[in-house]
Amino acid sequence: MRVLIVGGAGYIGSHVCHAFADRGDSVAVLDNFSSGSRINMPEEVEVFEGDIMDKSFLGRALSIGWDGVVHLAAFKAAGESMTDPGKYAVNNICGTINLLNAIVNAGAPPLVFSSSAAVFGEPVRLPIDEDHPKAPENFYGYTKLEIENLLDWFDKLKDLKFAALRYFNAAGYDSKGRVREPEKDPQNLLPVIMEAAAGIRENLIIHGDDYDTRDGTCIRDYVHVSDLARAHVQAMDYLVAEKKSLKVNLGSESGISVAEMVKEAVAITGVDFPRVKGPRRPGDPAKLVASSSLARNLLGWETTQSDAASLISSTWSLYRRYIECPKA
Ligand SMILES: NC(=O)c1ccc[n+]([C@@H]2O[C@H](COP(=O)([O-])OP(=O)(O)OC[C@H]3O[C@@H](n4cnc5c(N)ncnc54)[C@H](O)[C@@H]3O)[C@@H](O)[C@H]2O)c1
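Since we're looking at a predicted model, the values are computed, not measured.

**Here we look at the packing of helix H6 (residues 189–197) against helix H8 (residues 258–269)**
For the pair H6 and H8, the least separation of the axes is 11 Å and the interaxial angle reads 40 degrees. Looking at the two axes, H6 sits oblique to H8. When you trace H6 past H8, the crossing you get is right-handed. Side by side, H6 and H8 meet where Leu 189, Leu 190, Ile 193, Met 194 and Ala 197 of the first sit next to Val 258, Met 261, Val 262, Ala 265 and Thr 269 of the second. Class assignment for the residues of the contact of H6 with H8 results in nine nonpolar, one polar and no charged.

**A word on the domain arrangement of the protein**
Here the protein is partitioned into domain 1 (2–171 + 222–250) and domain 2 (189–221 + 253–324). The partner domain 2 presents 29 residues to the 28 residues of domain 1 that form the contact. Both sides together, the interface formed by domain 1 and domain 2 hides about 2,400 Å², and carbon and sulfur atoms give 63% of it. On the domain 1 side of the contact with domain 2, Tyr 222, His 224 and Asp 227 bury the most area, a combined 31% of that side's loss. Applying the counting criterion to the domain 1 and domain 2 interface returns zero salt bridges. On inspection of domain 1 and its partner domain 2, the count reaches 13 residue pairs in polar contact (both at pLDDT 80 or more). Only strand S7 (169–171), strand S9 (219–224), helix H7 (225–242) and strand S10 (246–250) provide two or more residues apiece to the side of domain 1 that touches domain 2. Looking at which element gives the most residues to the side of domain 1 that touches domain 2, the answer is H7, with eight residues. For the side of domain 1 that touches domain 2, the residue count by class is 15 nonpolar, six polar and seven charged.

**Quick word on helix H1 (residues 11–22)**
The first and last C-alpha atoms of H1 sit 17 Å apart over 12 residues, in line with the 16 Å expected at 1.5 Å per residue. Along H1, 11 of the 12 residues are buried, which leaves the element largely enclosed by surrounding structure. All buried positions along H1 are accounted for by Tyr 11, Ile 12, Gly 13, Ser 14, His 15, Val 16, Cys 17, His 18, Ala 19, Phe 20 and Ala 21. Looking at the buried side of H1, the elements it contacts are strand S1 (2–6), strand S2 (26–31), strand S4 (68–71), strand S6 (162–167), S7 and H7. Downstream of H1 by one or two residues, Gly 24 has phi in the positive range, about 95 degrees.

**As for the pattern of salt bridges**
Within this structure, the stated rule accounts for 21 salt bridges. Residues Arg 38 and Glu 49 are paired through a salt bridge, measuring 2.4 Å at the closest nitrogen-oxygen approach. Here Arg 38, found in the loop between S2 and strand S3 (46–49), pairs with Glu 49, found in strand S3; they are 11 residues apart in sequence, far enough to count as distant. Using a relative accessible area of 44% as the deciding quantity, one classes Arg 38 as partly exposed. Its salt-bridge partner being Glu 148, residue Arg 166 comes within 2.8 Å of it at the nearest N-O pair. Here Glu 148 lies in helix H5 (residues 139–158) and Arg 166 lies in strand S6, a separation of 18 residues in the sequence.

**Re the site of the ligand**
Lining the immediate surroundings of the ligand are 28 residues, of which Asp 31, Ser 35, Lys 76, Asn 91 and Tyr 140 lie closest. Between the ligand and Asn 32 there is a distance of 3.2 Å, counted from a nitrogen atom to a backbone nitrogen or oxygen. A distance of 2.7 Å separates a nitrogen atom of the ligand from a polar side-chain atom of Asn 91. Summarising the interface, the protein chains cover 95% of the accessible area of the ligand, which totals 820 Å² for the free molecule. Only H1, strand S5 (111–116) and H5 provide two or more residues apiece to the shell around the ligand. In terms of residue count, S5 provides more of the shell around the ligand than any other element does, three residues in total.

Rules of the game
- Residues numbered from 1 in each chain as written.
- Predicted model: local features only at pLDDT ≥ 70, side-chain atom pairs only at ≥ 80, totals over all residues.
- Heavy atoms only, no water.
- Axes fitted to C-alpha atoms, helices over the stretch in contact; angles between N-to-C directions.
- Helix = DSSP H or I, 4+ residues; strand = E, 2+ residues; numbered from the N terminus.
- Parallel < 35°, antiparallel > 145°, perpendicular 65-115°, else oblique.
- Left-handed = near helix turned anticlockwise from the far one by under 90°.
- Contact = heavy atoms within 4.5 Å.
- Nonpolar A, V, L, I, M, F, W, Y, C, P; charged D, E, K, R; others polar.
- Domains from an automatic or database assignment.
- Buried area = accessible area lost by both parts, 1.4 Å probe.
- Salt bridge = Lys/Arg side-chain N within 4 Å of Asp/Glu carboxyl O.
- Polar contact = N/O pair within 3.5 Å; in protein donor to acceptor, adjacent residues only side chain to side chain.
- Expected span 1.5 Å × (residues − 1).
- Buried < 20%, exposed > 50% of the residue type's maximum accessible area, 1.4 Å probe, protein only.
- Near = heavy atom within 4 Å.
- Areas by Shrake-Rupley, 256 points an atom, 1.4 Å probe, with all protein chains shown as cover.

Have a look at this one:
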């Protein structure tokens, strides 16, 4: 099939490109390269360089004719979304409306959309299943929920079939080493640990060690980015075969605490990097763990690389290669 991957040069997008290309699909990427990287995508990918805010550019790119579209283009820093909501409203919500209009004008090929666990906010029960109340704690999460609501209407009114994939914490890198450049300005735990281990940052700040968890540090559900990428292929196949929209949670269903991740990272990297205790961050729940049984049942999706050792070793390999030879 011919797939257009919007935001395909980014961290998750580049893995999604490899997942479609690996099974022989023809892959094109639409990206403005604000945070993406060309060298992370498969070589044979066709590139449409431009912005989802540019309606005529989108119209031209979509009119070429695609069997499916994946939409990952967005800003994603939850903290920044609280100080600059306008920036997030424009890029995430307005940009998506432009894309939805272009998709509908092009005959409404099925769409796989990057949603987020941030749509849920503070958990009222665990594990978090799809029916869990939606009460985003930050504006970024609100943009994702708003887009899910828009998608429901475009399905009802324009017969646009979509899969909203609510990722929990994406982590890790391609185990074959095909993704070569690390995320720019990472904010998630694992790349920050890697930067501390590699000496790129002075230390790792552990935000709160007095939570009501097994070791006092926050517990999160980490899912390997290649497991996530495979879910996009499976969701696209589901949309083509079933012609029914869906919203599913994608997590490993097992939580790893900050302290556990640090311990495993010290063992794998062999570097006892400096750590300092910091205050809790506002809006950081003690524990977030997904239920992914719907994705398992509907898509046949399973995680295969989402254990702490695979997450850390694939990330450390990338950082080591990159530090030794950044342009390789
Ligand atoms: N990384 C995570 O843990 C995580 C968790 C939940 C959801 N998500 C969502 O997954 C998606 C991908 O995340 P990521 O971690 O790969 O982020 P990323 O920043 O690495 O990738 C986003 C890509 O979109 C492109 N882009 C952004 N705005 C654009 C625009 N206006 N026009 C064209 N291209 C544009 C960027 O250049 C980049 O290549 C995002 O929608 C994000 O909200 C990510």
